[in-house]
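Chain by chain, the residues run as shown.
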Amino acid sequence: MTETEIKKGLAGVVVDYTAVSKVNPDTNSLLYRGYPVQDLAAAKSFEEVALLLWTGELPTAGELAEFVKAERAGRALAPNVKAAIDLLPTNCHPMDVGRTAVSVIGANHALAEESSPAAELSKAKELFAAFPAVVAYDQRRRRGLEVVEPREDLDYSQNFLWMTFGEEAAPEVVDAFRVSMVLYAEHSFNASTFTARVITSTLSDLHSAVTGAIGALKGPLHGGANEAVMHTFHEIGIDKNESREDAAARAKTWMEEALAAKKKVMGFGHRVYKHGDSRVPTMKAALDKMIEHYGRGEMLGLYDGLEAAMDEAKAIKPNLDYPAGPTYHLMGFDTEMFTPIFIAARITGWTAHIMEQRASNALIRPLSAYNGPEQRAL
Ligand code: SDX
């Protein structure tokens, strides 16, 4: 085996077909079951996008009404899920809480070991409905706040924000949140989705596959980047009274120093997109609306300053996590809750891929080239 045949990180390796989404770096585009993601973000609810990813088609009005009714009725956490979360220290990483909650939700499910398409879809829908409450419950317990129970008169995004903050969010905030969920929902064979497919390929269960995917998503080279972006903003320093220009200048200096120190700056770069992440313009537009809504021009300065300096130095473009992090910060989410929000969105993509893998399975088991000691006697 020659060095050239090793594809470290599986970079550029096509391992299977998928009909769930198409990431096209040449046209800088992303299609969910054939629909451009920016069109879905502009016109569809996250509930509609979830059904599209799972079934391959946008729902009829009747199908959507039936799903929404069941989703709204399934939002409350079971007592043992809350009890399991309460056993975890409030200073552990919330991704560990997410991983644990999914495992308990799975253990509770009557069809946990069933793998028929109907059973898988039922488990996917239950996780979709329940996970926002995991995020909200965890943020509130860390802040010493009372639990806010879900409301069935609110849509998915309105209710997510209601349970987290205990008040009804402004329509423009709800819409920016909805856009982020649609954009975060699915992205072909990214590390966490591929992890879910590997676990599914052994014929293990859906909740094991999602739990493994959460472990992969936690890493700052992947989903953990949206949290890391906010750590960068805080390291530079956020001053609400600072002008956009002054904030940009400080951010530029920070980036120049970071790159001079050979640092990897989270929120920039992508394994597949090499000329910019197709989702960034849509998410940046949502961030711009939040900056205007909250009157936080200095955040735009920090954003612009970092982006310009990275572009100037290495021509590396932002990925989705870069505008998403500051958006969640402005909404009031704690920084370490950003990647659990990513879980809530990506549950749709992960479970769509789990169902696709199961429908046309082959055990995923690549080869390795041995470079250890030659055979030797004891
Ligand atoms: C997500 O796969 C998906 O689709 C993921 C995702 C999804 O929706 O599921 O899109 C979500 O995970 C987005 C990515 C979030 N991660 C980050 O923001 C972490 C920072 N980014 C980098 O670590 C990096 O860009 C990767 C890991 C995302 C991709 O890197 P590659 O393709 O493995 O390339 P590389 O790391 O080898 O970088 C190539 C060059 C290197 O320079 P040299 O050492 O060759 O001189 O570019 C440089 C890198 O140093 N580089 C960076 C950089 N990203 C690449 N330098 C500084 N900061 C960065 N962010």
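- Looking at an unreviewed UniProt entry, one finds the chain named Citrate synthase, with Paeniglutamicibacter terrestris as its source organism.
- Listed under Sequence similarities (unreviewed entry) in UniProt, the entry text for the chain is "Belongs to the citrate synthase family."
- Of the chain, the UniProt comment under Catalytic activity (unreviewed entry) reads exactly: "oxaloacetate + acetyl-CoA + H2O = citrate + CoA + H(+)".

Quick word on empty space enclosed by the protein
If you roll a probe as big as a water molecule over the atoms, it shows you where there is empty space left.
Point 1. Applying the stated criterion across every chain yields a total of 2 cavities of 30 Å³ or more.
Point 2. Within this model, the largest cavity holds a volume of roughly 70 Å³.
Point 3. Here the lining of the largest cavity takes 4 residues from helix H6 (residues 117–142), the largest share from any one element.
Point 4. A breakdown of the residues in the lining of the largest cavity according to their chemical character gives 8 nonpolar, no polar and 3 charged.
Point 5. Of the pockets and cavities examined, the second largest cavity occupies roughly 30 Å³.
Point 6. Contributing to the lining of the second largest cavity are Pro 94, Val 97, Gly 98, Phe 131, Val 134, Val 135, Asp 138, Met 337 and Pro 340.
Point 7. Going through the elements one at a time, helix H5 (94–108) and H6 are the ones with two or more residues in the lining of the second largest cavity.

Re the site of the ligand
Point 1. As a structural note, the neighbourhood of the ligand is formed by 23 residues, with His 187, Val 265, Gly 267, His 270 and Arg 279 the closest of them.
Point 2. A distance of 2.8 Å is found between a nitrogen atom of the ligand and a backbone nitrogen or oxygen belonging to Phe 268.
Point 3. Within the side chain of His 270, an N or O atom sits 2.7 Å from an oxygen atom of the ligand.
Point 4. Class assignment of the residues belonging to the shell around the ligand gives a composition of 8 nonpolar, 7 polar and 8 charged.

Topic: the pattern of salt bridges
Point 1. In this structure the tally under the stated criterion is 23 salt bridges.
Point 2. Lys 218 serves as the salt-bridge partner of Asp 96, at 2.8 Å between the closest nitrogen and oxygen. Within this pair, whereas Asp 96 is found in helix H5, its partner Lys 218 is found in helix H10 (residues 206–218), the two being separated by 122 residues in sequence.
Point 3. Relative accessible area serves as the criterion here: at 17%, Asp 96 is assigned to the buried category.
Point 4. When the shortest N-O distance is used, the salt bridge between Lys 252 and Glu 256 registers 2.8 Å. Within this pair, Lys 252 and its partner Glu 256 are both found in helix H12 (residues 244–260), separated by 4 residues, close to a single helical turn.
Point 5. Its relative accessible area of 30% is what places Lys 252 among the partly exposed residues.
Point 6. The exposure class assigned to Glu 256 is partly exposed, which follows from its relative accessible area of 39%.
Point 7. Here the salt bridges share partners, and the residues they tie into one network are Asp 96, Arg 99 and Lys 218.

Section: the domain arrangement of the chain
Point 1. Split by domain assignment, the chain resolves into domain 1 (21–171 + 189–218 + 336–359) and domain 2 (225–331).
Point 2. Distance from the C-alpha centre of domain 1 to the C-alpha centre of domain 2: 27 Å.
Point 3. Buried surface at the junction of domain 1 and domain 2, both sides included, amounts to about 1,400 Å², of which 63% is carbon and sulfur.
Point 4. A per-residue breakdown of the area domain 1 buries against domain 2 is headed by Pro 25, Asn 28 and Phe 338, which together make up 40% of the total.
Point 5. The interface formed by domain 1 and domain 2 holds 0 salt bridges in total.
Point 6. Linking domain 1 to domain 2 there are 5 residue pairs in polar contact (both at pLDDT 80 or more).

A look at the sheet that holds strand S1 (residues 21–24)
Point 1. Pairing is antiparallel across the open sheet formed by 3 strands, whose spatial order is S1-S2-S3. Among the strands making up the open sheet, the edge pair consists of S1 and strand S3 (35–36).
Point 2. For strand S2 (residues 29–32) and S3, the ladder comprises 2 bridges, and the chain directions are antiparallel. For Leu 31, the partnering residue across the bridge sits in S3 and is Pro 36.

Here we look at the packing of aromatic side chains
Point 1. One pass over the structure, following the stated rule, counts 20 aromatic pairs.
Point 2. Here Phe 46 and Tyr 156 contribute two aromatic rings whose centre-to-centre distance is 5.1 Å and whose plane-to-plane angle is 65 degrees, an arrangement assigned as edge-to-face. Here Phe 46 is found in helix H2 (residues 46–55), whereas its partner Tyr 156 is found in helix H7 (residues 156–165), with 110 residues between them in sequence.
Point 3. Its relative accessible area of 1% is what places Tyr 156 among the buried residues.
Point 4. Its end group placed over the ring of Trp 162, Arg 151 keeps NZ or CZ at 4.8 Å from the ring centre.
Point 5. The ring of Tyr 303 has Lys 284 sitting right over it, with the charged end atom 5.0 Å from the ring centre.

Thresholds, definitions, all that
- Residues numbered from 1 in each chain as written.
- Predicted model: local features only at pLDDT ≥ 70, side-chain atom pairs only at ≥ 80, totals over all residues.
- Heavy atoms only, no water.
- UniProt positions renumbered as here; feature names shortened; annotations may be inferred.
- 1 Å grid on protein atoms, 1.4 Å probe; cavity = no way out; pocket = protein on both sides within 12 Å on 5 of 7 lines; lining within 4 Å.
- Points joined across faces, edges and corners; volume = space filled by probe spheres on them.
- Helix = DSSP H or I, 4+ residues; strand = E, 2+ residues; numbered from the N terminus.
- Nonpolar A, V, L, I, M, F, W, Y, C, P; charged D, E, K, R; others polar.
- Near = heavy atom within 4 Å.
- Polar contact = N/O pair within 3.5 Å; in protein donor to acceptor, adjacent residues only side chain to side chain.
- Salt bridge = Lys/Arg side-chain N within 4 Å of Asp/Glu carboxyl O.
- Buried < 20%, exposed > 50% of the residue type's maximum accessible area, 1.4 Å probe, protein only.
- Domains from an automatic or database assignment.
- Buried area = accessible area lost by both parts, 1.4 Å probe.
- Pairing = 2+ DSSP bridges.
- Phe/Tyr/Trp six-rings, centres within 6.5 Å; stacked < 30°, edge-to-face > 60°.
- Lys NZ or Arg CZ within 6 Å of the ring centre and 35° of its normal.

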